[in-house]
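Read off the chains here:
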Amino acid sequence: MSIIALAGSPSPRSRSSALLRYAIHALRARGLGVVELGLRDIPAEELIEGHYSGAGASALRARAAAADAVLISTPVYKASFSGGLKAVLDLLDEKAFAGKTVLPIATGGSPAHLLALEYGLKPVLSALGARHILAGVYATDKQVRLDEDGRAHIDDDVRGRLEESVDRLAEQVLPRGAVAHEAYDLGRLALAGGFSV
Ligand SMILES: Cc1cc2nc3c(=O)[nH]c(=O)nc-3n(C[C@H](O)[C@H](O)[C@H](O)COP(=O)(O)O)c2cc1C
């Protein structure tokens, strides 16, 4: 079982990527393999020029094809998901997410654009063939604090919603009864004190 995690923020100190990483840690604690990809993993000219046959784009498509599920994170930019993430999604195969469970994650400056995942990102995921899109996790900047050392401190409420969503995702990709409870509990403990982004 493998999962691809796409981070859609161009920022090196990114709140949405911090939430993504929290979800990745929780999934790995359950014994699931997660491959992480960010905007910088694809050459800028391939993204800007929509260079479909470029090496970065080809590697992206191969990783997406091999995955059973997709984690995807984005900041809200101008009431929608980031343009950088759209450039990445434009390099995927037409039905790249067919048969895959998708968990979307977003952060925004305020609750005003809480629905950006619903009206912005989810229709695009649907167009890419995703039929099982989990309820997304949205957090505001106040709920995800980044300290000077680059550690993320995530509100309990947001952690709870992330853990619930990760549970749902794991149920979809793990064979019935195969959830690694012991590893998961250790993972929760490790996450309790914040972690580097
Ligand atoms: C160019 C730009 C546009 C933004 N537009 C919005 C917006 O329309 N609505 C909103 O709630 N926040 C907006 N924000 C705030 C970001 O969504 C917010 O700070 C987010 O947590 C950044 O995520 P990141 O740290 O992962 O990049 C914007 C920020 C930038 C830089």
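One can find the structure itself at the top, above this paragraph.
A short tour of the structure in this document, coming up. (Residues numbered from 1 in each chain as written. Predicted model: local features only at pLDDT ≥ 70, side-chain atom pairs only at ≥ 80, totals over all residues. Heavy atoms only, no water.)

1. Some thoughts on the pairing of strand E9 (residues 151-154)
Okay, step 1: Residues Ala152 and Ile154 point to one face of E9 and are all buried, whereas Arg151 and His153, pointing to the other face, are not buried.
Okay, step 2: With three bridges connecting them, strand E8 (residues 144-146) and E9 associate as antiparallel partners. Note on E9: the bridge partner recorded for Arg145 is His153.
Okay, step 3: Here E8 folds back onto E9, and the loop between the two strands holds four residues, one of which, Gly150, carries a positive phi near 85 degrees. (Buried < 20%, exposed > 50% of the residue type's maximum accessible area, 1.4 Å probe, protein only. Helix = DSSP H or I, 4+ residues; strand = E, 2+ residues; numbered from the N terminus. Pairing = 2+ DSSP bridges.)

2. Focus on the site of the ligand
Okay, step 1: If you check the shell around the ligand, you find 18 residues, and the closest are Ser9, Ser14, Ser16, Val76 and Asp141.
Okay, step 2: At 2.5 Å, a side-chain N or O of Asp141 approaches an oxygen atom of the ligand.
Okay, step 3: Considering the ligand on its own, with 640 Å² of exposed area, one finds that the protein chains cover 73% of that surface.
Okay, step 4: Contributions of two or more residues to the shell around the ligand are made by helix H1 (15-29), strand E3 (69-77) and strand E5 (101-108). (Near = heavy atom within 4 Å. Polar contact = N/O pair within 3.5 Å; in protein donor to acceptor, adjacent residues only side chain to side chain. Areas by Shrake-Rupley, 256 points an atom, 1.4 Å probe, with all protein chains shown as cover.)

3. As for helix H5 (residues 116-127)
Think of an α-helix as 3.6 residues a turn; residues three or four steps apart then line up on the same face.
Okay, step 1: For H5, which comprises twelve residues, the first-to-last C-alpha distance of 16 Å matches the rise-based estimate of 16 Å (1.5 Å per residue) to within 8%.
Okay, step 2: Ala116, Leu117, Gly120, Leu121, Lys122 and Leu125 are the residues of H5 that are buried. One side of H5 carries all its buried residues, which in axial view fall inside an arc of 165 degrees.
Okay, step 3: Positive backbone phi, approximately 100 degrees, marks Gly129, located one or two places after H5. (Expected span 1.5 Å × (residues − 1). Arc of directions from axis to C-beta.)

4. Things to note about a nonpolar patch on the surface
Okay, step 1: A grouping of Leu114, Leu115 and Tyr119 is seen on the molecular surface, where their side chains present a nonpolar patch of about 310 Å² in accessible area.
Okay, step 2: Positionally, Leu114 belongs in the loop between E5 and H5.
Okay, step 3: A residue is classified by how much of its surface remains accessible, and Leu114, at 46% relative accessible area, is partly exposed. (Patch = residues over 30% accessible without salt bridge, like charges linked within 9 Å, V, L, I, M, F, W, Y side chains within 5 Å. Salt bridge = Lys/Arg side-chain N within 4 Å of Asp/Glu carboxyl O.)

5. Quick notes on the side chain of Asp147
Okay, step 1: Mapped onto the fold, Asp147 is located in the loop between E8 and E9.
Okay, step 2: Ignoring anything within four residues of it in the chain, the contact list for Asp147 reads Arg13 and His153. (Contact = heavy atoms within 4.5 Å.)

6. What about the pattern of salt bridges?
Okay, step 1: What the rule picks out here adds up to nine salt bridges.
Okay, step 2: Taking the shortest distance from any N to any O, the salt bridge between Arg15 and Asp141 comes out at 3.9 Å. Of the two residues, Arg15 sits in helix H1 while Asp141 sits in the loop between strand E7 (137-140) and E8, which places them 126 residues apart along the sequence.
Okay, step 3: On the accessibility criterion, Arg15 (28% relative accessible area) is partly exposed.
Okay, step 4: Classification of Asp141 by relative accessible area gives partly exposed; the value is 30%.
Okay, step 5: Residue Asp90 is joined to Lys86 by a salt bridge in which the shortest nitrogen-to-oxygen separation is 2.8 Å.
Okay, step 6: Each of the salt bridges in this network shares a partner with another, and the network as a whole consists of Arg21, Arg28 and Glu36.

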